[in-house]
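Overview (structure and organization)
Here is what each chain is made of, one letter per residue.
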Amino acid sequence: DTLKILKLTKPEVINISRFASRPKTNASKLKQIDTKVMKRRTSKLTKLYNSYYRKKEKIDLFST
């Protein structure tokens, strides 16, 4: 779903951060995602962002 939203909205800035549960919180009781999965997801988000942001940078360069 996150990738779909990024493709649709193309925000200029994104903050990609990996979840880390804190002790004694409800989230600490949730099943944790494997580190490899987190890295793969982070990579996909970064690649998508870079693909549309580079295009925007080129357009901005030519419009000045």
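Before going into details, it helps to say that this report is about the structure given with it.

Each value, and the rule that gives it
Residues numbered from 1 in each chain as written. Predicted model: local features only at pLDDT ≥ 70, side-chain atom pairs only at ≥ 80, totals over all residues. Heavy atoms only, no water. Helix = DSSP H or I, 4+ residues; strand = E, 2+ residues; numbered from the N terminus. Buried < 20%, exposed > 50% of the residue type's maximum accessible area, 1.4 Å probe, protein only. Areas by Shrake-Rupley, 256 points an atom, 1.4 Å probe, with all protein chains shown as cover. 1 Å grid on protein atoms, 1.4 Å probe; cavity = no way out; pocket = protein on both sides within 12 Å on 5 of 7 lines; lining within 4 Å. Points joined across faces, edges and corners; volume = space filled by probe spheres on them. Nonpolar A, V, L, I, M, F, W, Y, C, P; charged D, E, K, R; others polar. Core = buried A, V, L, I, M, F, W, Y, C linked by side-chain atoms within 4.5 Å. Contact = heavy atoms within 4.5 Å.

**Looking at the overall build of the protein**
The helix and strand inventory of the protein stands at 2 helices and 0 strands. Going through the 64 residues of the protein one by one, you find that 11% of them count as buried. When the accessible surface of the protein is split by element, carbon and sulfur atoms take 56% of a total near 6,100 Å².

**Observations regarding the layout of surface pockets**
The space that makes up the largest pocket amounts to roughly 420 Å³. In terms of lining, the largest pocket is formed by 16 residues, of which the most central are S17, F19, I33, M38 and R41. For the lining of the largest pocket, the elements supplying multiple residues, two or more each, are α1 (2–9) and α2 (35–63). The element best represented in the lining of the largest pocket is α2, accounting for 5 residues. The residue inventory of the lining of the largest pocket, partitioned by class, reads 7 nonpolar, 4 polar and 5 charged.

**A look at the nonpolar core**
Ranked by size, the top nonpolar core spans 5 residues in total: L6, L45, L48, Y49 and Y52. Residue contributions to this core peak at 4 residues, all from α2. Leaving out residues up to four positions away in the same chain, Y49 has contacts with P11, E12, V13 and I14.

Geometric values such as these leave the question of function open.
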